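Structural description and commentary
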Amino acid sequence: MKKDILKDLLAKPGRQYSVSDFDPSFIGELSKQDAKGQLTKNVEKLSELQSMLYAQDRYSILIIFQAMDAAGKDGTIKHVMSGINPQGCQVFSFKQPSAEELDHDYLWRINRCLPERGRIGIFNRSHYEDVLIAKVHPEIILSNKLPGVETIKDIDSDFWKRRYRQINDFERYLTENGTVVLKFFLNVSKAEQKKRFMERLDDKTKNWKFSSADVKERQFWDEYMKAYADVLTETSTELAPWYVIPADNKWFMRYAVGHIICERMKQLDLHYPKLSEEGLKQLEDCKKSVSDINF
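Residues numbered from 1 in each chain as written. Predicted model: local features only at pLDDT ≥ 70, side-chain atom pairs only at ≥ 80, totals over all residues. Heavy atoms only, no water.

Taking an unreviewed UniProt entry as the reference, the protein chain is identified by name as PPK2 family polyphosphate:nucleotide phosphotransferase belonging to Bacteroides caccae CL03T12C61.

Let us look at the layout of surface pockets. Taking a probe equal in size to a water molecule and rolling it over the atoms shows the remaining empty space. Considering only enclosed or pocket space, the largest pocket measures out at about 1,400 Å³ in volume. Lining the largest pocket we find 42 residues, and of these Asp69, Lys73, Lys95, Arg125 and Asp214 sit closest to its centre. Put simply, the parts of the chain that give the lining of the largest pocket at least two residues each are helix H3 (73–80), helix H9 (190–202), helix H10 (212–218), helix H11 (221–235) and helix H12 (250–266). Looking at the lining of the largest pocket element by element, the count peaks at 5 residues for H3. Classifying every residue of the lining of the largest pocket by side-chain character gives 14 nonpolar, 9 polar and 19 charged. Approximately 220 Å³ is the volume found for the second largest pocket. (1 Å grid on protein atoms, 1.4 Å probe; cavity = no way out; pocket = protein on both sides within 12 Å on 5 of 7 lines; lining within 4 Å. Points joined across faces, edges and corners; volume = space filled by probe spheres on them. Helix = DSSP H or I, 4+ residues; strand = E, 2+ residues; numbered from the N terminus. Nonpolar A, V, L, I, M, F, W, Y, C, P; charged D, E, K, R; others polar.)

With 5 of its 5 residues buried, strand E6 (residues 242–246) lies for the most part within the structure. Alternating positions in E6 separate into two faces, Trp242, Val244 and Pro246 on one and Tyr243 and Ile245 on the other, with burial throughout. By the bridge criterion, 2 bridges tie strand E1 (residues 10–11) to E6 in an arrangement that is antiparallel. Pairing of Leu10 across the sheet is with Tyr243, part of E6. (Buried < 20%, exposed > 50% of the residue type's maximum accessible area, 1.4 Å probe, protein only. Pairing = 2+ DSSP bridges.)

Let us now look at empty space enclosed by the protein. Applying the stated rule across the entire model yields 1 cavity of 30 Å³ or more. Considering only enclosed or pocket space, the largest cavity measures out at about 90 Å³ in volume. Around the largest cavity, the lining residues are Pro97, Glu101, Leu102, His104, Asp105, Tyr106, Arg109, Asp130 and Asn144. Tallied by class, the residues present in the lining of the largest cavity amount to 3 nonpolar, 2 polar and 4 charged.

With a phi close to 60°, Asp57 is a non-glycine residue in the positive phi region. With respect to the helices and strands, Asp57 occurs in the loop between helix H2 (32–56) and strand E2 (60–67).

We now examine the sheet that holds strand E5 (residues 179–187). Read from one edge of the open sheet, 6 strands run E1-E6-E5-E2-E4-E3, paired in mixed fashion. Two strands lie at the open edges of the sheet, namely E1 and strand E3 (89–93), each paired on one side alone. With 5 bridges connecting them, E2 and strand E4 (residues 120–124) associate as parallel partners. Residue pairing across strands places Leu62 opposite Gly121, the latter belonging to E4. Together, E2, E3, E4 and E5 form the strand contacts of H3, whose direction differs from that of E2 by roughly 150°. (Contact = heavy atoms within 4.5 Å. Axes fitted to C-alpha atoms, helices over the stretch in contact; angles between N-to-C directions.)

Here we come to the UniProt feature "domain: Polyphosphate kinase-2-related" (unreviewed entry) in the protein chain. The UniProt record marks residues 30–267 with the feature "domain: Polyphosphate kinase-2-related" (unreviewed entry), using the residue numbering of this structure. For residues 30–267, the end-to-end C-alpha separation is 24 Å, with 51% helix and 13% strand making up the annotated structure. (UniProt positions renumbered as here; feature names shortened; annotations may be inferred.)

Here you go:
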């Protein structure tokens, strides 16, 4: 089952994709009970791996979540990362750019939030907003004050090709300098999104999650699916591939994300730093000094 998840959920580089190529209700042969048990094990393993990542201070992990509204980004982050030491983890949510951010290139605010070595950084939305919502609503690009981009007509197919290339170059730079980039598209169906919207409207404890803007964006569902397809096609690379996670069943989604993060971190040469002979001698001297102290 584990191999199937990596195989079936990976958007292999170099292929033309449609979101319909992926089943949002896929659960394989896994039961809900088994998935929850595996998630618990993965959470424990992640804690161990993160401890070594932090101590070794050589790699960093960047986890990117992109999804339509109500797909379950917050819940997935909460459940999968529940065992992580907060000292070694950072979570950033990217909203509408501020005036300061608009006075810089679109990757500037991303650079400011990248995880340091030894840490796990989580992006709830990311630089991909600039090829997703900005592609569905290209008028957003006009606020970027880019040279040569004066009207919507200037935002043509060549513009988007350049932007995909810039993102790929940026992620290549990160990976070549020790940042592992893991990208998850939480793929929720339109029917399931409607169900979750209704739950937010009907349940007083969930009313705060609902926004009228979510309904407005739902009207552009087909346009968003095309934008996501282009992202999968153009930016799933060997160094930073996309994983398309079925999101209609939250229990499976959380298991799959946790499993993939664990498997990727296991591939790294993570270990606790080893002391030199001089360091070991100093340690022994310290032990002796402490043992000689009378408390």
